[in-house]
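Remarks on the overall topology
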Number of protein chains: 2
Amino acid sequence: TAAAPALAADGPSVRWRLTSSFPKSLDALWGAAPQLAKRVSELTGGKFEIRPFAAGEIVPGLQVLDAVQRGTVECGHTAGYYYVGKDATFAFEAGLPFGLTARQQNAWLYHGGGLQMTRDFLKEYNVINFPGGNTGTQMGGWWRKEVKNLNDLKGLKVRIPGFGGKIMAALGAVPQTIAGGDIYPALEKGTIDAAEWVGPYDDEKLGFQKVAKFYYYPGFWEPGPTLSFYINLDAWNKLPKSYQAALEVAAAEVNVTMTAEYDAKNPAALNRLIQSGAQLRIYPRDILDAAYKEAEKLYADESKNNARFKKIFTSWNRFRNDQNNWFRVAENSMASYIPRSK
Amino acid sequence: TAAAPALAADGPSVRWRLTSSFPKSLDALWGAAPQLAKRVSELTGGKFEIRPFAAGEIVPGLQVLDAVQRGTVECGHTAGYYYVGKDATFAFEAGLPFGLTARQQNAWLYHGGGLQMTRDFLKEYNVINFPGGNTGTQMGGWWRKEVKNLNDLKGLKVRIPGFGGKIMAALGAVPQTIAGGDIYPALEKGTIDAAEWVGPYDDEKLGFQKVAKFYYYPGFWEPGPTLSFYINLDAWNKLPKSYQAALEVAAAEVNVTMTAEYDAKNPAALNRLIQSGAQLRIYPRDILDAAYKEAEKLYADESKNNARFKKIFTSWNRFRNDQNNWFRVAENSMASYIPRSK
């Protein structure tokens, strides 16, 4: 006979800790953790309690993977691409330069085999992942001077981590890795020439427009980065099925509402930034084209040296091309329609 | 002292019926109902069971609102704009011509006050609504002949319901209301000249490309229609809090995964349609501009005569303008970038 399904009230009292990659000041990113915790508690009648901790409270923000893997905490909220130093394959879950938009990330993860492929990879780290938010296409950062063409990038010091930094280096700039709180003084003193952060709502808090007024777009290295909940596999496997279902569904809710929150809050933040001096600039076409070529080169090189990367890239790249061919038709032609009468 | 939270296993056994607006053949739309039911059952250890019924099994597909309002069933899955005949205000929840995209619908509903405003309105119908899926921008339908400019529309019979139909009428076409199963023979015989349906994945099943090969985009009357779960308010109010939470979170999951499913499945369907003879065409600029003007006129007229409509429109319209100003910056400039090297 089949076992009766586990009932929340029959299940064990479970107390977990969640460590976030984000400080509470980045409230939209940080907020994913308490939102998940609250929902899981409601769904289990308070039996399954997850206590969220901000970056640095238990471990530093970029050590979420390690903390979850080792079981220091049972779960975390982070972005896969923070761990490309361990293996570039981590990037797929979050997103790659000129990769998938927020909609396309969800399509790939939920219905394009992406979640299964990234889970197969993360199993080696004793982790199971759940999509948990997306900022949408990020902005291209704050520049002290205009960059009117590819030559203007030469020798400029740009705060930009990960794959984006590698691309900037290939274009002649000098990528820098600087923590959030140190960016403003570095831009102010001119120690660096530019810095990327997130988008209007988060950037506004750091006041970059006062010291680097040219606000470029798009952030071609982050077309739609997915945040992730990482859960220690041993802890996951011990959960009753109904607690697993609660976690999974609560993560999906966070995934859709975080993007909604950014989309709702970015427009007013952008207006305020412009009011206080930010000047919008689109990246020149030659920079975008050169960056695109360098991105493709990076992926080809990585695929040569990394079988795990190659396996996912091959599938992901086919999916990306199909997505772009379709989105160009209905979705983007609608989105880019600007009525003449306005 | 505070009451203890309701536990699923302590809660009552609840058996609900859900009536869908969709036939099982439209599997992505229909699938929302069984997906919700399965998740709610898992989350409540099988205590809260929702049995989904396809369009016509209990009531016809366009009578979901009435069935939920009267309590014939406790809940339904439908699209608000099916009920604009009762009140045009129903359209906001689903979407309006030249309105919000899928991302923007979520932003408005979850974080722009939209859900609260549409709930205030739906309360009069004894219903509470939850966003439950989105197809993304739909296609602009199948035409037997090319329409190269606004004049080509004059007198053509076009199967298109709702606001879209009103706009087509204002442009000189003759809108028709025909059920899904009757469209193909009407197009084949030439009784009608064109018909809109959904997008590649759903359209493919009806084989329109065999009888009307010009496949136009974008479906400017449906930039990102949201489907909805409608729940009878009396039934809702009787639920334990944890069952309410289960329904709410399961709906949010459906909301994000349906769009992911359409986005994942549309590209291959579009390719197959093109292989079997469909010819893609973008709507001529003069048609889009004239349609945009007529849409704005419709909204102004409706606002004059309908205080409920006007109240939401005023807020929605401001939100829409802000959204478009922001999406044009990062998101759309990224999405519309097509590398020169390809």
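Quick note: structure is the one above.
Here the structure is a predicted model, which is why all the values come from computation and not from measurement.

**Description of the side chain of B:Gln104**
Residues and elements named next belong to chain B. When you line up the elements, Gln104 lands in helix H5 (residues 102–111). Judged by its relative accessible area of 2%, Gln104 falls in the buried class. A polar contact is formed between the side chain of Gln104 and the side chain of Asn324, at a distance of 3.3 Å. Apart from the residues lying within four places of it in its own chain, the contact partners of Gln104 are Gly99, Phe319, Gln323, Asn324 and Phe327.

**Some points on the interface of chain A and chain B**
On the chain B side, the residues contacting the 75 residues of chain A number 75 residues. When the two sides are added together, the surface that chain A and chain B hide from each other amounts to roughly 6,500 Å², 67% of it contributed by carbon and sulfur. Contact with chain B buries area across many residues of chain A, yet A:Trp326, A:Met334 and A:Tyr337 alone supply 11% of it, more than any other trio. Our count for the chain A to chain B interface comes out at four salt bridges. Measuring nitrogen to oxygen at the nearest pair gives 3.0 Å for the salt bridge that ties B:Glu248 to A:Arg39. One can count 16 residue pairs in polar contact (both at pLDDT 80 or more) joining chain A with chain B. Looking at the side of chain A that touches chain B, the elements that each hand over two or more residues are helix H2 (32–43), helix H5 (102–111), helix H11 (241–275), strand S11 (279–282), helix H12 (285–305), helix H13 (307–327) and helix H14 (330–335) of chain A. Looking at which element gives the most residues to the side of chain A that touches chain B, the answer is H11(A), with 20 residues. A breakdown of the residues in the side of chain A that touches chain B according to their chemical character gives 39 nonpolar, 20 polar and 16 charged.

**Describing unusual backbone geometry**
Omega for the bond connecting A:Tyr217 with A:Pro218 falls within 30 degrees of zero, at -10°, which places this linkage in the cis form. Positive phi is not limited to glycine here, since A:Asn126 has a value of about 60°. As for its position among the elements, A:Asn126 is in the loop between helix H6 (114–122) and strand S4 (127–134). Phi is positive for B:Phe98, which is not a glycine, with a value near 55°. By secondary structure assignment, the location of B:Phe98 is in the loop between helix H4 (91–94) and H5.

**Things to note about the sheet that holds strand S7 (residues 174–176) of chain A**
Residues and elements named next belong to chain A. A sheet is described by the order of its strands in space; here six strands give the open sequence S7-S6-S8-S5-S9-S11, paired in mixed fashion. Every interior strand has two partners, whereas the edge strands, S7 and S11, have only one. As defined by bridge partners, strand S6 (residues 157–159) adjoins S7 across three bridges and the pair is classed as parallel. Residue pairing across strands places Arg159 opposite Gln176, the latter belonging to S7.

Rules behind the numbers
Residues numbered from 1 in each chain as written. Chains lettered and ligands numbered in written order. Predicted model: local features only at pLDDT ≥ 70, side-chain atom pairs only at ≥ 80, totals over all residues. Heavy atoms only, no water. Helix = DSSP H or I, 4+ residues; strand = E, 2+ residues; numbered from the N terminus. Buried < 20%, exposed > 50% of the residue type's maximum accessible area, 1.4 Å probe, protein only. Polar contact = N/O pair within 3.5 Å; in protein donor to acceptor, adjacent residues only side chain to side chain. Contact = heavy atoms within 4.5 Å. Buried area = accessible area lost by both parts, 1.4 Å probe. Salt bridge = Lys/Arg side-chain N within 4 Å of Asp/Glu carboxyl O. Nonpolar A, V, L, I, M, F, W, Y, C, P; charged D, E, K, R; others polar. Pairing = 2+ DSSP bridges.

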